[in-house]
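The lines below spell out each chain.
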Amino acid sequence: MILARVVVTVVLLSCMTGSLHAAPQGPPAPAPVREDTRAQFPSFLVDSFFSVSLGYIGYDFSQRQLGKGFRAESIAIPHAAARVALFGHQFDEHLSAQLTYMRPFDHVAYRDVNGDQDSHQVWMHFGGVSLTARTPLAGRLSVYGEGGLGFTIRRGFSTGGKVVVPSATYATILLGGGLEYRVNRAWDLTSGLTYLPGQSRLDQGGTLVMTGGFRYTARPLPADRVEETRRGGFVFPLNLVQVEYSTGVGYGINTFVSKRVPIFWDGNVKVDRGVAVHYDRNVFHTKKIFALSFGASTSVWRSHSDGVKFFTLSAYPLLRFTLVRTRPADFYVSYSLAGPTYISRSVIDSLDTGRHFTFQDFIGMGVFLGSRRNVSVGVKINHYSNGNVFTDNAGVKVPLTFGFGYTF
């Protein structure tokens, strides 16, 4: 499930290069009167990057993590893992900084604890803020070293009202190193080791991760490509203001895209009704398909079980893909990940969602209508969770939501 989400995210983000092409479409709408400056990466994104790596995670889990009086018949320790640089920036050819997230695909499982014939998972997640220094070896090959601040989050479990493996969160150093191969100005292949020390007082050993993957860096686009995009004549709305209403129905869609086709996230807290206002500002687009925007939203929600009211304030990146263009309408799909969010309640319907800081995600589809594409109509589903940054993370799922917007 996690691997599928990683693959989907990679495909979506790679569209920023403009390398994907849509099937033949109808004639484009009239070009905007203003000169379009969004055909080039904005200055704050130039030399910024994301990366995805897959590999092996090694850590020590044994009977010693169990509380006094408990013993497991067996312990399963999966070793497949992923590490993602959510955002990084290259200051020059030798130095960069990045914010990373790392986790196993599946979790450690203690089975048959004291004969209960059940399987109990211990969830492990890792974050990091680090600097990377690199130097050329030969030709396109470089060697790098990494150091910074790491975070280890362990979510334990209880049985019979007693804590068996306690939850824990602690900060430590993060160390790493490896090799990089430059494919071209924007793409690099990477391989390396990452190590986070353990904490003996928490019975948590060190973690070693070996991964290989790629990095994409947003380099200034060639002038001829920028001009081709500008002359394309396709409308990409600059600003969008949208009002949305959650219906309280359609949880089956959330389940389908989180369980059957695992490209999104589920949640234990159900939203019954809600109203949201969004503002999106487009900062970059390719000739015909891809658009990158940043947005902000405020929402008021009511939970399904106990009718608990709460509100959220979010900022977020938005990836929009206009897949079909016709004279009367442009049809798009949209995807937003990890938008930092303030949530007014941390306990909803007696479920602990963590703290007041969380993340917003949503996936949807819609149309832009009119000769200037001034009207937007769409549907989507939402999700809030802290990504296991905190040990409690019930997650909030928002069902089918309808939106009506105006662009300018």
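On a predicted model such as this, the values are computed, not experimentally measured, just so you know. (Residues numbered from 1 in each chain as written. Predicted model: local features only at pLDDT ≥ 70, side-chain atom pairs only at ≥ 80, totals over all residues. Heavy atoms only, no water.)

## Digging into the overall build of the protein
Looking only at helices and strands, the protein has three helices and 22 strands in total. Computed over its C-alpha atoms, the radius of gyration of the protein comes to 23 Å, within 12% of the 22 Å expected for a compact globule of 408 residues. Principal-axis analysis of the C-alpha atoms places the extent of the protein at approximately 75 × 60 × 30 Å. In the protein, buried positions account for 50% of the 408 residues. Put simply, the protein shows about 18,700 Å² of open surface, and 62% of that area lies on carbon and sulfur atoms. Taking the 40 positively charged and 28 negatively charged side chains of the protein as two groups, their mean positions are separated by 5 Å. (Helix = DSSP H or I, 4+ residues; strand = E, 2+ residues; numbered from the N terminus. Rg over C-alpha atoms; globule rule 2.2 N^0.38 Å. Buried < 20%, exposed > 50% of the residue type's maximum accessible area, 1.4 Å probe, protein only. Areas by Shrake-Rupley, 256 points an atom, 1.4 Å probe, with all protein chains shown as cover. Lys, Arg positive; Asp, Glu negative; His and termini not counted. Charge placed at Lys NZ, Arg CZ, Asp CG, Glu CD.)

## What about the confidence of the model for the protein?
As a general rule, the predicted coordinates of low-pLDDT regions are not to be interpreted in detail. When pLDDT is averaged along the protein, the result is 90; 92% of the residues meet or exceed 70. Across residues 16–27, confidence stays below pLDDT 50; counting only partners more than four residues off in sequence or on other chains, it has 24 contacts. Segment residues 29–33: pLDDT under 50, and 12 contacts once partners within four positions in sequence are set aside and those in other chains are kept. (pLDDT = per-residue confidence, 0-100. Contact = heavy atoms within 4.5 Å.)

## Description of the pairing of strand 6 (residues 119–138)
With eight bridges connecting them, strand 4 (residues 95–104) and strand 6 associate as antiparallel partners. Along strand 6, the bridge assignment pairs T100 with G128. Joining the antiparallel neighbours strand 5 (residues 108–113) and strand 6 is a turn of five residues, in which N114 adopts a positive phi near 50 degrees. Linking strand 6 to strand 7 (residues 141–155), which pair antiparallel, is a turn of two residues; within it G139 sits at a positive phi near 60 degrees. (Pairing = 2+ DSSP bridges.)

## Focus: helix 3 (residues 251–260)
Along helix 3, the positions that sit buried rather than exposed are Y251, N254, V257 and S258. Across the axial projection of helix 3, the buried residues extend over an arc of 135 degrees, all falling on one side. Of the exposed residues in helix 3, those oriented more than 90 degrees away from the buried face are G252 and R260. (Arc of directions from axis to C-beta.)

## Section: the pairing of strand 20 (residues 357–369)
Within strand 20, 10 of the 13 residues are buried, which leaves the element mostly enclosed by the surrounding structure. Summarising the sheet, strand 17 (residues 329–343) and strand 20 pair through 12 bridges and their orientation is antiparallel. Across the sheet, the residue bridging to A329 is L369, located in strand 20. Bridge count between strand 20 and strand 21 (residues 375–385): 11 bridges; the pairing is antiparallel. Paired with L369 across the bridge in strand 21 is V375. Here strand 20 folds back onto strand 21, and the loop between the two strands holds five residues, one of which, G370, carries a positive phi near 95 degrees.

## Some thoughts on the environment of I77
Within the fold, I77 resides in the loop between strand 2 (72–76) and strand 3 (80–90). Taking the relative accessible area as the measure of exposure, I77 reaches 24% and is therefore partly exposed. When the C-alpha positions of I77 and T190 are compared, they lie 26 Å apart, and in sequence the two are 113 residues distant. If near-sequence neighbours (up to four positions away) are discounted, I77 is found in contact with Y59, F61 and V108.

## Concerning the environment of L318
Assignment of secondary structure puts L318 in strand 16 (residues 309–325). Note on L318: relative accessible area 2%, which makes it buried. It is 7.5 Å that separates the C-alpha atoms of L318 and L337, two residues lying 19 residues apart in sequence. Dropping the residues within four chain positions of it, L318 is found in contact with D280, A291, L292, S293, S334, Y335, S336 and F362.

## Looking at the side chain of T247
The topology assignment puts T247 in the loop between strand 13 (239–246) and helix 3. Here the side chain of T247 touches L400 through a polar contact of 3.0 Å, landing on its backbone oxygen. Discounting residues that sit within four places of it in the chain, T247 has contacts with D272, R273, L400 and F402. (Polar contact = N/O pair within 3.5 Å; in protein donor to acceptor, adjacent residues only side chain to side chain.)

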